[in-house]
Amino acid sequence: MARITLDGIAHAYNGNPRSDKDYALKPLHHVWEQGMAYALLGPSGCGKTTLLNIISGLVIPSEGRLLFDKTDVTNLPTEQRNIAQVFQFPVIYDTMTVAENLAFPLKNRRLPKVVIEKRVAEIAEMLDLTRVLNRRARGLTADAKQKISLGRGLVRADVSAVLFDEPLTVIDPALKWELRSKLKAVHRALDLLMIYVTHDQIEALTFADKVVVMNDGKAVQIGTPADLFERPEHTFVGYFIGSPGMNLLPAKVSGSSALVEGAEIHLGAAYPALPKGGRIQIGVRPDYTMLTQSGGLPVQVRRIADLGRKRLAYVNLGAHQVVATVPPEMSSVAHQTRVTFDPAHTHVYVDDLRVAGAAA
Amino acid sequence: MTFVLDHIGLSVGEEVMIDDVSLTLEQGTMNVLLGPTLSGKTTLMRLMAGLDRPTTGRLFADGVEVTRLAVRRRSVAMVYQQFVNYPSLSVYENIASPLRVAGVARAEIDVRVKEAARFLRLENLLERMPAQLSGGQQQRTAIARALVKRAGLVLLDEPLANLDYKLREELREELPRIFAETGAILVYATTEPTEALLLGGVTITLREGRVTQVGPTALVYRRPENIDAARVFSDPPLNELAIDKHGALVTLEGGRNLPAVGALSRLADGAYRLGFRADAVTIGEAQSSSLGFPGQVAVTEISGSESFVHVDVGLGVWVCLEAGVQEWQPGDHVEVRVDANRTFVFDAAGKLAATPYIAKTA
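Cut-offs applied
- Residues numbered from 1 in each chain as written.
- Chains lettered and ligands numbered in written order.
- Predicted model: local features only at pLDDT ≥ 70, side-chain atom pairs only at ≥ 80, totals over all residues.
- Helix = DSSP H or I, 4+ residues; strand = E, 2+ residues; numbered from the N terminus.
- Buried ≥ 20, exposed ≤ 12 C-beta atoms within 10 Å, placed from the backbone.
- Contact = placed C-beta atoms within 7 Å.
- Pairing = 2+ DSSP bridges.
- Axes fitted to C-alpha atoms, helices over the stretch in contact; angles between N-to-C directions.
- pLDDT = per-residue confidence, 0-100.
- Parallel < 35°, antiparallel > 145°, perpendicular 65-115°, else oblique.
- Left-handed = near helix turned anticlockwise from the far one by under 90°.
- Nonpolar A, V, L, I, M, F, W, Y, C, P; charged D, E, K, R; others polar.
- Domains from an automatic or database assignment.
- Expected span 1.5 Å × (residues − 1).

### Describing the overall build of chain A
Then step 1. When helices and strands are tallied, chain A shows eight helices and 22 strands.
Then step 2. Across its three principal directions, the C-alpha atoms of chain A cover 75 × 50 × 35 Å.
Then step 3. The 360 residues of chain A split such that 43% are buried.
Then step 4. Across chain A, the fraction of contacts at a sequence separation of at least 24, relative to all contacts at a separation of at least 6, is 66%.

### Things to note about the sheet that holds strand β20 (residues 347-350) of chain A
Residue and element names in this part refer to chain A.
Then step 1. Spatial strand order, β11-β14-β20-β21: four strands in an open sheet with antiparallel pairing. Taken across any chain shown, the strands that pair with only one partner, and hence form the sheet edges, are β11 (247-250) and β21 (353-355). Sheet twist, expressed as the mean angle between neighbouring strand axes with direction ignored, is 40°.
Then step 2. Across four bridges, strand β14 (residues 280-284) lies against β20 in antiparallel orientation. Residue pairing across strands places Ile280 opposite Val350, the latter belonging to β20.

### Considerations on the confidence of the model for chain B
All names here are of chain B.
Then step 1. Averaged over chain B, the pLDDT score is 91; the fraction of residues at 70 or greater is 98%.
Then step 2. Across residues 357-362, where pLDDT falls below 50, the model places six contacts with residues more than four positions away in sequence or in other chains.
Then step 3. Two summary scores accompany this predicted model of the complex, namely pTM at 0.87 and ipTM at 0.81.

### Describing the environment of Val348 of chain A
Residue and element names in this part refer to chain A.
Then step 1. With respect to the helices and strands, the residue Val348 is situated in strand β20.
Then step 2. On the basis of neighbour counts, which here come to 21 C-beta atoms within 10 Å, the residue Val348 falls in the buried class.
Then step 3. C-alpha separation for the pair Val348 and Asn53, spaced 295 residues apart in sequence, amounts to 36 Å.
Then step 4. Discounting chain neighbours no more than four positions away, the residues touching Val348 are Val253, Leu267, Tyr271, Ile280, Ile282, Val355 and Gly357.

### Quick look at the packing of helix α2 (residues 91-101) of chain B against helix α3 (residues 106-119) of chain B
Residues and elements named next belong to chain B.
Then step 1. One can describe the packing of α2 onto α3 by two numbers: an axis separation of 10 Å at closest approach and a directional angle of 130°. Classified by the angle between their axes, α2 and α3 sit oblique to one another. α2 and α3 meet at a crossing whose hand is right-handed. Together, Tyr92, Ile95, Ala96, Leu99 and Arg100 of α2 and Ile109, Arg112, Val113, Ala116 and Ala117 of α3 make up the contact between the two elements.
Then step 2. When its residues are assigned to classes, the contact of α2 with α3 shows eight nonpolar, no polar and two charged.

### Topic: the domain arrangement of chain B
All names here are of chain B.
Then step 1. Domain annotation of chain B identifies domain 1 (3-232) and domain 2 (239-361).
Then step 2. Computed from C-alpha coordinates alone, the two centres of domain 1 and domain 2 are separated by 37 Å.
Then step 3. Taken together, the nine residues of domain 1 in the interface contact 11 residues of domain 2.
Then step 4. Where the side of domain 1 that touches domain 2 is concerned, the elements lending two or more residues are α7 (217-222) and α8 (227-232).

### With respect to helix α5 (residues 165-180) of chain B
Then step 1. Its 16 residues place the ends of α5 of chain B 23 Å apart at the C-alpha level, agreeing with the 22 Å of an ideal helix rising 1.5 Å per residue.
Then step 2. Here α5 of chain B has its buried residues at Lys166, Arg168, Leu175 and Phe179 of chain B.
Then step 3. If you follow the buried residues of α5 of chain B, they end up packed against α8 (235-240) of chain A together with β7 (153-157) and β8 (185-190) of chain B.

### Quick look at the domain arrangement of chain A
Residue and element names in this part refer to chain A.
Then step 1. Annotation of chain A at the domain level lists domain 1 (4-240) and domain 2 (247-359).
Then step 2. Computed over C-alpha atoms, the centres of domain 1 and domain 2 are 37 Å apart.
Then step 3. The interface is formed by six residues belonging to domain 1 together with seven residues belonging to domain 2.

See the structure below:
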């Protein structure tokens, strides 16, 4: 049981950083609370694995302190940190039964037999492994093995944190749904701090209470799934969260309106005093960008993607590419048509950072 | 060219790997092989490529039988999930390698390599070695090598599976466009329904080495001909319910009766299995054309714009898709309704007996 404090944690693999670029992980201050689930999300090379390795003890950060509750663990080896880890591929003993695999981390800690049996039964029940408890792990399918791996990570009640490193990579889509919801249910039932690394936004958003979006060694936003979706604080978050990502268009903003490709659009808020000289963009998600026959801005449709439960239009707005939602009632889409942006969900960015508007 | 698989089968010992597959693939088309791991996607591609020989059936390229033709004499290129490049060759030489082997003139090689590099945005990386590239750049190099051959048949075996989510999104956008310009037949294997929908074209659903359906992608999605095709083409997974229809009622497992509403009222009496996707289930009281079920929330997953609520209705756990952020807590008692007009009905053999989408797509 613990809260984890990242006190100015930073890392440069060359050990002697001279500029910002030398950091694989730029200085980070944050507190992760007991009982919460966090996801570290970002493209490869963003620093998420470096951060996970710092928490697990594989990497000693070149700057800052790592606290588990009030204990400084920055320089402690992994085995003294009291953490559990689940990796991309199953790490289990093939010759042991499922029950023995689950019991292993507890036996190592010399817990009484009755305690072990109770906990193994509990975890097996949560992960639907009860029926195979006495089977050897060897003959089981890849996803069953990964479930055992998850179970081994979750079986100890006294760990400071459970770390997951892309644990669902090898799992088929249909089973991913099952395992993800199991994991989430387990997290609800157990009072554990969980940290989950992934590049898959759906995994991150559906699993975590809070998602740390990372890019280029930096945590660009830490927020709930709804925060990241509705109010991306950085254009990178707009782009990276959502599929496809946010539409970003250069604009001139004055008061509560913006000039986009020579046409004026209405903003949901007023921006009386934007910083001078910055690069100004508006950002609107495809979900709030609608094709329409009248009003809005003129666009040329490049193609329509039929995604089953919705249709997206890939359109050109002047020199810019925009993705819009095709309203369900629009049966055929003309090549020349128009789009509207929902003012309540249109954000203003200056040099990639969101500017909060005042009531218009 | 046109590529034909005529009753292709592959058995290894007693085990049937590919079971009597017949397909006709037309020039310039995108053909998606959709199926879970071990459904036979890779095996089928290897047979098409000539890397393995079928135990039964024949292959034709433009009417000429190629079943026994050596790989290197076929007009085929393949890209694997695990990107393969020659580590000691530059990006340029990696892309050029199949042309060098084929003895293409140097000037022609240069033109084709640069063209492929431009398509795949590798122009500035041509002098790099593979080890100096990111995963996405390495896979683009492997794809460029397939492109430069100008093969008539291009096989892409989960080519984006090992890449970052966002990179996948971008390459998925670009790949069909790039290959469409070459006029090749594209075959693209994936486990993901959404990827199939984004790629469009024709979808071939597979299960345990058998083709369960072939058709235009959006049509297969809206009108799966059997429960296997419906299952493989649903993400979240297909919700299912066994019913016994008699007169104006349907009886559920456990004996509960519900009125046979909407499309169900037109069914002949008998046993059926209903299959309905997450967007056909809503939390709320039953309405005139829906079936109501009391249930308990198991877990809620929020994707930012939507919420997936997993509800245990006693007959199984269903996934309901709700717009926006819905904070249902585990254990909450809820009523869910299934829209009977948006439900696929399968008969005892698993074949589609009724679908709400027929009228819409006809």
